[in-house]
Amino acid sequence: MTTTELLRAESVIKRYDGVAALRGANFSVANGEVHALVGENGAGKSTLARIIAGATRADSGRIFFEGNEVSISSPLDAQRLGIAIIFQELDLFPHLTIAENIAIGNLKLERQAFVRRRELDLWCQPFLDQVGALDSPRTVLANLPIAHMQLVAIARALSLDARLILMDEPTSSLSDDAVERLFATVNRLKQGGVSVVFVSHRLKEIFRICDTITVLRDGSTIGTKTTQSTDANEIVTMMAGRPLKDRPIAKRGVSSDVLLSVSQLTTGRIQNISFDLRRGEVLGVAGLVGAGRSELGAALFGLRRLVRGRVQINGQPVEISSPRAAIEAGVGMLPEDRKLQGLMMQMTVLENSSMAVLPRYQSWGIIRRKKELVAMEAVHQRTALKAASPDVPVSTLSGGNQQKVLLAKWLLMEPAVLFLDDPTRGIDVAAKADIYETIHAAASRGMGIIFVSSELPELLQCCHRIMVLHEGRNAGILEGAQATQESIMALATATAPALSGQSGLPA
Amino acid sequence: MKTRYSERPPLEAPGRLSTARSTGTDRAGAIRLLYRLQALVALLGIIVLAIILSPRAADGSNIFLEAGNLTDILRQVSVTGIIAVAMTFVILTAGIDLSVGSTLALGTSVVAIGLTRWSVPLGDVGRISLAIIAALAAGAAVGALNGAVVAGASIQPFVVTLATMIGVRGLAKWLTDNANIDIGFGQDVAAVFAAFISRKVVVIGSLLVMAAVFWLVLDVTVFGRYVRAVGDNERVARYTGLPIARVKIWVYTLSGLLSGLAGVIYAAENHQGNPNAGVAYELDAIAAVVIGGTSLMGGKGSVSGTVVGTLILGILTNVLRLNNVDSNVEMMVKAVIILLAVAVMSRRKSE
């Protein structure tokens, strides 16, 4: 390419607790390009992005910005150079307004002793316009959906005159339409001469918006390719170090007896959702963000007060008023955010795995470690967990292995119904395949599984049937050949009469 | 220049976790072992320092190392040590108990009242037991109240126990008409109580037994694991169906119970029921817990750390006093030690 180089990182080395995260990685970004940084979990891509943004300090290595060697030892240094990072877990202040979030930490504004709200609004409006954010600058951030928060984070980066914006897994929590809006914003930034580094797993997205792709593996740079000159297979092979094939998933038969029957389920955000789940069935749940997918889980797990609705398990009506009651009734839930809702991050693999069923492995209140270990190892045979020992804290595991521990926690309990809220979010391909197999093995033993996902191919691959939610309602349940990406999207966006035989629209 | 790295710890075959405890070859294990021993290393350091700084007796022997001095240290730290052991559990749940000093005062008051004002036809042993049980029950009741409000009303533990700290102090003063109740100066049952309970072996023994029991409870019981789980992430605990309210009520009850026990020992050692006793003891206990490496954020910490923290503070006080250092200076030195200890801990965490 003929474009000029904006940033170059050379031989970057970083170790955590003696474990190398980066072993001499090289990376270079040109002016006005969208550059993908890809790699499996633990490859070091987030670490490299954090080092460039001054959020983490490298042990050694050199960074050049516009040809000059620079030392970036804090986020402030990066800000002065015009480098901004947008973290996966957006580092915004939830209780401040949009305008305050954009202005805070801005050196130019900090010189002033007092803040005039109106001035602040006027000042930040152009940045909000640039990213296509429509909310009022006075909106408190906590009231916004996550996709909007992300736009605010980008607007903040722009307000700092950022010339290089690093985005760490920006689409992992976005629905498809929000992804589209983000991509439009990224394209606008690119037109304006801003370079964007896109850290991601999702090759499809990368091939859509990135000009260049750099692959990391085990802390080293494997290579850089222009998007035109490569394809997904080559990148996957570079990431994995070997060609990866899609493992087919054997869908087992579903029994005919109804395990869970939900009727007219209504909370503040979902309305009249009814469906049956059969023994051994994997029921997919699709829908845009905000369509009520997670809310359905919250309602079934006793985290929301029901306005109306009945839930029956094995034909018996159950009253689910709290997670404890849900668990007693035989409902488990693997929550969306494993770090905040799923795992005790400081506790060990063993402790997390057995947490929900610990009383089984005790006598007189004393934990029988042997029994606990045997049970845990049996369940991890199925999840194919990789960990150095059962006594390492889960915080030291990769995202995929953390997710396996979380899954194991519920598999050990063997609930009648298990609700999985985006169980493969942000984890690598191999771990995903392990998780699909584990889910199906559990289903084949008679568990009923509700599988929420933002990734349609995954749902199509794994589920017996797929329920599509739209604005808090059940828009339809697709089965067999009816279920395609197109038919799901049509229901999810309510754009077309998707089901043959259900098209009640006049011609 | 090229840096060489040792490889990452070997990953075992899927599903086959090594069940052995950390071995020397396991890097993560070695680091964890070092972390566990860190408090012990600090303790050894302070002992060495104390030996060096200790004045010599006339015959050239080291005063710090004299058996009498060493057991004195243990006796002196016992009251706050007992409180700190239970405080560890509270802090592990990401809570705090500010009421322990007041509860100790209530304990001293109740045991003194029981010994001097209750005339029950039970004989010495019976009367002493009754008084002690009453003091322990009073302490446990205060703790149970703390726990019930913390768990039930979801008010921050700091605020709840700040309120009981004030209220229970008032209760102790009201019960005693704001006067010390002298015990054990005559030939009565109270004298028997004071003479027995204030013996070094009983005082030190109480601390050691409590530390051992709480250590075991934390390490090997379901309750102990729940305590850490609730503090690590209460939301996850709720999503896992753990009995969070029960765990909280229990940890505060235990904190109150041990504060009551500390009050009984205090009363025996000082020959009085003192409603003004134990002021700022909560801070000493928290300091010991924190020096011992327990995080105020909850989830992470140990009873052994707290014991070490208690000993470090005790040895420090002892050696400064042996050298006739002004007690005001002593406080300043303590302040530095607390900050140093926590700085070391948090640096390790961020690495």
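Small disclaimer: the values here were computed from a predicted structure and weren't measured. (Residues numbered from 1 in each chain as written. Chains lettered and ligands numbered in written order. Predicted model: local features only at pLDDT ≥ 70, side-chain atom pairs only at ≥ 80, totals over all residues.)

### As for the overall build of chain B
Here is step 1 of the chain: A tally of helices and strands in chain B yields 13 helices and two strands.
Here is step 2 of the chain: Taking all 351 residues of chain B together, 48% fall into the buried category.
Here is step 3 of the chain: Across chain B, every contact between residues at least 6 apart in sequence was considered, and the portion connecting residues at least 24 apart equals 76%. (Helix = DSSP H or I, 4+ residues; strand = E, 2+ residues; numbered from the N terminus. Buried ≥ 20, exposed ≤ 12 C-beta atoms within 10 Å, placed from the backbone. Contact = placed C-beta atoms within 7 Å.)

### Observations regarding the sheet that holds strand E16 (residues 331–334) of chain A
Residue and element names in this part refer to chain A.
Here is step 1 of the chain: In spatial order, the strands read E16-E19-E20-E13-E21-E22; together these six strands make up an open sheet with mixed pairing. Lying at the two open borders of the sheet, with one neighbouring strand each, are E16 and strand E22 (473–479). The sheet shows a mean angle of 20° between the axes of neighbouring strands, taken without regard to direction.
Here is step 2 of the chain: Pairing geometry for strand E21 (residues 465–470) and E22, over six bridges, is antiparallel. By the bridge assignment, Arg465 is partnered in E22 with Glu479.
Here is step 3 of the chain: Packed on one face of the sheet, helix H18 (residues 485–493) meets strand E13 (282–286), E21 and E22 and runs near 30° to E21. (Pairing = 2+ DSSP bridges. Axes fitted to C-alpha atoms, helices over the stretch in contact; angles between N-to-C directions.)

### Here we look at the confidence of the model for chain A
Here is step 1 of the chain: In this model, chain A carries an average pLDDT of 84, and 91% of its residues clear a pLDDT of 70 or more.
Here is step 2 of the chain: For residues 498–507 of chain A, every residue scores under 50 in pLDDT, and the model assigns this stretch ten contacts once sequence neighbours within four places are set aside. (pLDDT = per-residue confidence, 0-100.)

### As for unusual backbone geometry
Here is step 1 of the chain: Of note, the phi angle at Glu169 of chain A is positive, near 45°, even though the residue is not glycine.
Here is step 2 of the chain: For Glu169 of chain A, the position within the fold is in the loop between strand E7 (164–168) and helix H7 (176–191).
Here is step 3 of the chain: A tally of 22 C-beta atoms within 10 Å means that Glu169 of chain A is categorised as buried.
Here is step 4 of the chain: Positive phi, close to 70°, is recorded for Ala280 of chain B, a residue that is not glycine.

### What to know about the packing of helix H3 (residues 100–117) of chain B against helix H5 (residues 157–175) of chain B
Residues and elements named next belong to chain B.
Here is step 1 of the chain: Where H3 contacts H5, the two axes come as close as 8 Å, and the packing angle between them is 20°. Here H5 runs roughly parallel to H3, going by the angle between their axes. Where H3 crosses over H5, the handedness of that crossing is left-handed. On the side of H3, the interface is formed by Ser102, Thr103, Ala105, Leu106, Ser109 and Ile113, while H5 contributes Met165, Val168, Arg169, Leu171, Ala172 and Leu175.
Here is step 2 of the chain: Here the residues of the contact of H3 with H5 are counted per class, giving eight nonpolar, three polar and one charged. (Parallel < 35°, antiparallel > 145°, perpendicular 65-115°, else oblique. Left-handed = near helix turned anticlockwise from the far one by under 90°. Nonpolar A, V, L, I, M, F, W, Y, C, P; charged D, E, K, R; others polar.)

### Looking at the sheet that holds strand E15 (residues 316–318) of chain A
All names here are of chain A.
Here is step 1 of the chain: Within the open sheet, the four strands sit side by side as E12-E11-E14-E15. Their pairing is antiparallel. Single-partner strands in this sheet number two, and they are strand E12 (273–278) and E15. For this sheet, the mean angle separating the axes of adjacent strands, direction not counted, is 20°.
Here is step 2 of the chain: Relative to E15, strand E14 (residues 308–313) runs antiparallel, the two sharing three bridges. Bridging across to E15, Gln312 finds its partner in Pro317.

### Some remarks on the pairing of strand E9 (residues 212–217) of chain A
Residues and elements named next belong to chain A.
Here is step 1 of the chain: Counting buried residues in E9 gives six out of six residues, a clear majority hidden from the surface.
Here is step 2 of the chain: Of the two faces of E9, the one lined by Thr212, Thr214 and Leu216 and the one lined by Ile213, Val215 and Arg217 are each fully buried.
Here is step 3 of the chain: Strand direction decides the pairing type here: strand E3 (residues 34–38) and E9, joined by four bridges, are parallel. When the bridges of E9 are listed, Leu37 appears paired with Thr214.
Here is step 4 of the chain: Remark: two residues form the turn of the hairpin made by E9 and strand E10 (residues 220–226), two consecutive strands paired antiparallel; Asp218 in that turn has positive phi of roughly 50°.

### What about the domain arrangement of chain A?
Residues and elements named next belong to chain A.
Here is step 1 of the chain: Along its sequence, chain A is organised into domain 1 (5–240) and domain 2 (258–343 + 414–493).
Here is step 2 of the chain: Taking the mean C-alpha position of each, domain 1 and domain 2 sit 33 Å from one another.
Here is step 3 of the chain: Taken together, the contacts link twelve residues of domain 1 with eight residues of domain 2.
Here is step 4 of the chain: When residues in the side of domain 1 that touches domain 2 are grouped by element, the largest group, three residues, is from H7.
Here is step 5 of the chain: Looking at side-chain class alone, the side of domain 1 that touches domain 2 contains four nonpolar, four polar and four charged residues. (Domains from an automatic or database assignment.)

### Focus on the nonpolar core
Here is step 1 of the chain: Counting 173 residues, the largest nonpolar core has Ile449 and Phe451 of chain A together with Ile83 of chain B as the members making the most contacts within it.
Here is step 2 of the chain: Here the element with the most residues in this core is helix H10 (residues 244–270) of chain B; it accounts for 15 residues.
Here is step 3 of the chain: Those residues within four positions of Ile449 of chain A in sequence are excluded, and the remaining contacts are Val282, Leu283, Leu418, Leu420, Ile439, Ala442 and Ala443 of chain A.
Here is step 4 of the chain: Counting 73 residues, the second largest nonpolar core, distinct from the first, contains Leu7, Ile63, Phe65 and Val152 of chain A. (Core = buried A, V, L, I, M, F, W, Y, C linked by C-beta atoms within 7 Å.)

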